[in-house]
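Remarks on the overall topology
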Amino acid sequence: MTLKQFMNEAISPWMREEGPDSDIVLSSRIRLARNFSDVSYPILADQGKLEEIRDFFKKEYEHQSFQDYEDFAFISIPDLTAVERRVLVEKHLISPHLSKSDQASATIISKNEQVSVMINEEDHIRLQLYFPGLQLPKALEKAFELDDWLEEKINYAFDETRGYLTSCPTNVGTGMRASVMMHLPALAMTKQINRMTPAINQLGLVVRGIYGEGSEAQGNIFQISNQITLGKSEADIIGDLQSVVKQLIEHERNARNRIMEQSGKKLEDRIFRSFGVLDYSRIIESKEAAVCLSNVRLGIDLGLIKNVSRNILNELMILTQPGFLQQYASATLTADERDELRASLIRERLQLEK
Amino acid sequence: MECQECQHRPATLHFTQVINGNKTEVHVCEVCAKEKGYMTYPEEGYSLHNLLTGLFNFDSAMMENQQSNSYKQVKELKCPQCGMSLSTFKKVGKFGCATCYDTFSGRLDPILRRVHSGNTKHYGKIPKRMGGDLHTKKQLESYKAELQQLIEDENFEEAAQIRDKIKALQDQSNSSKAGDDS
Ligand SMILES: [Zn+2]
Ligand SMILES: [Zn+2]
C-alpha cells in the first residue's frame, strides 16, 4: 500500500458499495478517541514521547491486518506535501487538525479506506471507521472489535467514573463521535431542516454542514452526530442517532414527494438546468458545482435522470475540492485555474456515463 | 475592495496575519479564504470549544468571587504530572494528561454537566483488562438508576424486571468471587 493509491481516486473503494437507505444517507462513521495512560496528551507531551507512540504503531501495525481490512498503509504526516495533506482531509481520511500537525503525527489507513487511525491528533489515538449508508450498529460493532484488539496491547487512559480520558472535556466518557452524512435537498429547499435542528439538539445531537460546525451545508449535505459522550452508553447514543436519522429520511422523502406534486415542473427544470451547467460549463466555482451536483443527485434519486450513477455526487464533491484539483494538475493553481479545471473534470466525468 | 487572491470577487473577510512576527493585512473573499486555508474548516467541536472556553471562565469568575470573599488562594492548582495549571486549562479548554482529571476533579463536575447535558458519569465501554468486576459494578449502577427512574414513573411492572436482573447479577458476581477463592 502506498500513499499514491489514496491520492489517485476521489471515491474511496468502500463508497462503491450501496448501504441501507443509500439514496439519502451517504455514510455512517464511528470515531473513538483513546490515549495512552502514562503519556501527556499531544498538546503538552514532549516530542520524544510522541515519537515513541508513532513508532509503536509503525513497528507493530504496519502490514498487519485488523481482521477484515486487508493491508494498511502507515503514513507519516510531516513527510507529506501540503496538497497531499489536503487530499486526505478532503477524502475525510484524516482531520484538518491532524493535517496541520508536524509533531510526530501519522495515520494508518486501510486499503479500502474504510478504517483510519490518526496518531497524535488531539488525542494519541483516534480510530475511525466508515460504512456506506445507514449502518451505525454495524459500524459500532466493528469499531469495538478494533478497539478491543488495540486494548490488549495498550494501557488506555481510563477512569472508573469518567470513562476514557481525553484531552478535550467534550470527548470524555465514551470518547465516541458517531456521525451520519445525509443528502437532504428537499428539507433544505423547504427550509424544514432549520426548523428541525433545535429539536435534534435537545436530544444531544448536532446538525452541521459537510465541513463542520458553522459552515454552510455544501451541496445540501448535512452531518448529524452526537454531542454528548458522557452518561450514556455507546449503544444508547447510536440508538438515539439512528432514530433521528430515520425520521429525517422519512421527512426528506415526504418533502420530495410534496415538491414533486406541487411544483414538479419547476423542480424538474431546476434539476435539468443544473445537469446542463455541469455538462456544458467551462468555468465553475466550487459552490455552484456543489449546488448543481446536489440537484443532479436528486434527479437521479427521483428517476428523472437515468444512466448517471448515484456515486457521482460523492465522487465529484471530493474531486472538485481545491486539494484534489491541484493533486490532479500536479501544480499549484490560482482560483481561476481551479474553476476551469473543475469544469473540465466534471464534463469529462459526465462524458464517461454517456 | 477586491479579493487579493482571485482579484475578481469582492473581499468580504479582512484580518491581520502574523507570520514570524511580521504583520500583514489580508483581504480575501470567502471562497479564497477557504481554499487558501486562511479559514480553517472548523472540524467538530471547534467553535463549540470557543464557547466552552467562555463557560469555563464564567465558572471560574464565580468561584474566584466566592473565594475572595472568604479567603485568598495563594497557590494555583497545577497538575503534578504534566504541569497544566487551572488557569491554562480554562484558557485552552483542554487537559494536558490523564492525571489532570484527578488534579482538577474538584472543579470538573460543573464543567462536565454543562458540556454533557447534566451528566458526569461514564456508562459506556470498559477496557477488557480492567476486569470483570468493574463491568458488573457499572452494569449494576446503570440498572439501579433505571430502577429508580421506573419507580418514579410508577412503571412497576418493568421495575420488577429490572430488580430481578439486579438480583441475578449480584448472585452471579458473588458466586464467581467464591469460585476465585477456592
Ligand atoms: Zn477571492
Ligand atoms: Zn496533567
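An account of the accompanying structure is given in this report. (Residues numbered from 1 in each chain as written. Chains lettered and ligands numbered in written order. Predicted model: local features only at pLDDT ≥ 70, side-chain atom pairs only at ≥ 80, totals over all residues. Heavy atoms only, no water.)

Some thoughts on the nonpolar core
Core analysis: the biggest nonpolar cluster contains 112 residues, and Ile30(A), Phe57(A), Met182(A) and Leu248(A) have the highest contact counts within it. A per-element tally of this core places helix H8 (residues 234-280) of chain A first, with 13 residues. Other than its neighbours up to four places away in sequence, Leu248(A) contacts Met182(A), Leu187(A), Ile193(A), Met196(A), Ile200(A) and Ile224(A). Ranked by size, the runner-up nonpolar core spans 20 residues in total, among them Cys97(B), Cys100(B), Leu108(B) and Val115(B). (Core = buried A, V, L, I, M, F, W, Y, C linked by side-chain atoms within 4.5 Å. Buried < 20%, exposed > 50% of the residue type's maximum accessible area, 1.4 Å probe, protein only. Helix = DSSP H or I, 4+ residues; strand = E, 2+ residues; numbered from the N terminus. Contact = heavy atoms within 4.5 Å.)

As for the pattern of salt bridges
Under the counting rule described, the total for this entry stands at 31 salt bridges over all chains. Among the salt bridges present, the one from Glu90(A) reaches Arg86(A), with a minimum N-O distance of 3.3 Å. Of this pair, Glu90(A) and Arg86(A) both sit in helix H3 (residues 82-90), 4 residues apart, which is roughly one turn of the helix. Residue class for Glu90(A) comes out buried when judged on its relative accessible area of 0%. A relative accessible area of 18% means that Arg86(A) is categorised as buried. Here Arg163(B) ties to Asp164(B) by a salt bridge, and the two come within 3.8 Å at their closest N and O atoms. Judged by its relative accessible area of 46%, Asp164(B) falls in the partly exposed class. (Salt bridge = Lys/Arg side-chain N within 4 Å of Asp/Glu carboxyl O.)

Here's the deal with the pairing of strand E10 (residues 221-226) of chain A
Residue and element names in this part refer to chain A. In terms of residue burial, E10 counts as a mostly covered element, since 6 of its 6 residues are buried. Along E10, one buried face is formed by Ile221, Gln223 and Ser225 and the opposite face, lined by Phe222, Ile224 and Asn226, is buried too. Across 5 bridges, the pairing between strand E8 (residues 176-183) and E10 is antiparallel. Bridge pairing links Ser179 to Ser225 in E10. Summarising the sheet, strand E9 (residues 205-209) and E10 pair through 5 bridges and their orientation is antiparallel. The partner of Arg208 across the bridge, within E10, is Gln223. (Pairing = 2+ DSSP bridges.)

Observations regarding the packing of aromatic side chains
All names here are of chain A. The final tally for this structure, using the stated rule, is 8 aromatic pairs over all chains. When the centroid spacing of 4.9 Å and the interplanar angle of 70 degrees are considered together, the rings of Phe158 and Tyr164 count as edge-to-face. We classify Phe158 as buried; its relative accessible area is 12%. On the basis of relative accessibility, which here comes to 1%, the residue Tyr164 falls in the buried class. (Phe/Tyr/Trp six-rings, centres within 6.5 Å; stacked < 30°, edge-to-face > 60°.)

Brief notes about the coordination of the zinc ion (ligand 2)
All names here are of chain B. Around the zinc ion (ligand 2), the protein contributes the donor atoms Cys79 (SG), Cys82 (SG), Cys97 (SG) and Cys100 (SG), at 2.3 to 2.4 Å from the metal centre. The coordination sphere of the zinc ion (ligand 2) comprises 4 donor atoms, whose angles at the metal cover 97 to 124 degrees; the geometry is tetrahedral. Sequence spacing among the residues donating to the zinc ion (ligand 2) works out to C-x2-C-x14-C-x2-C. Here the residue Cys82 occupies a position in the loop between helix H2 (46-70) and helix H3 (86-92), and Cys97 occupies one in the loop between H3 and helix H4 (100-103), the gap between them amounting to 15 residues. (Donors = N, O, S within 2.8 Å, 3.2 Å for Na, K, Ca; no water. Tetrahedral: all angles 85-135°; square planar, octahedral: opposite > 155°, others 65-115°.)

Overview of the sheet that holds strand E2 (residues 72-76) of chain A
All names here are of chain A. Strand order across the open sheet formed by 8 strands is E2-E3-E4-E5-E1-E8-E10-E9, with antiparallel pairing between neighbours. If you trace the sheet from one side to the other, it starts and ends with E2 and E9, each paired once. Going across the sheet, the axis of each strand differs from the next one's by a mean of 20 degrees, ignoring polarity. Across 5 bridges, E2 lies against strand E3 (residues 106-110) in antiparallel orientation. Counterpart to Ile75 in the pairing with E3 is Thr107. (Axes fitted to C-alpha atoms, helices over the stretch in contact; angles between N-to-C directions.)

A short note on the interface of chain A and chain B
On the chain B side, the residues contacting the 65 residues of chain A number 52 residues. Between chain A and chain B we count 7 salt bridges in total. For Lys94(B), the salt bridge is made with Glu122(A), and the minimal N-O distance between the two is 2.7 Å. In this assembly, chain A and chain B are joined by 20 residue pairs in polar contact (both at pLDDT 80 or more). Contributions of two or more residues to the side of chain A that touches chain B are made by strand E1 (25-34), H3, helix H4 (96-99), helix H5 (136-151), strand E6 (158-159), strand E7 (163-164) and helix H12 (335-353) of chain A. (Polar contact = N/O pair within 3.5 Å; in protein donor to acceptor, adjacent residues only side chain to side chain.)

A closer look at the packing of helix H9 (residues 286-301) of chain A against helix H10 (residues 312-319) of chain A
All names here are of chain A. It is at 9 Å that the axes of H9 and H10 come closest, and there the two elements cross at 170 degrees. Between H9 and H10, the crossing angle belongs to the class labelled roughly antiparallel. Residues Ala290, Leu293, Ser294, Arg297 and Ile300 of H9 touch H10, and the partners they reach there are Ile312, Leu313, Asn314, Leu316 and Met317. For the contact of H9 with H10, the per-class residue count stands at 7 nonpolar, 2 polar and 1 charged. (Parallel < 35°, antiparallel > 145°, perpendicular 65-115°, else oblique. Nonpolar A, V, L, I, M, F, W, Y, C, P; charged D, E, K, R; others polar.)

Concerning the side chain of Arg208(A)
Residue and element names in this part refer to chain A. With respect to the helices and strands, Arg208 occurs in strand E9. Arg208 gets classed as buried once you look at its relative accessible area, which sits at 5%. Among the polar contacts listed, one links the side chain of Arg208 to the side chain of Ser225, at a separation of 3.2 Å.

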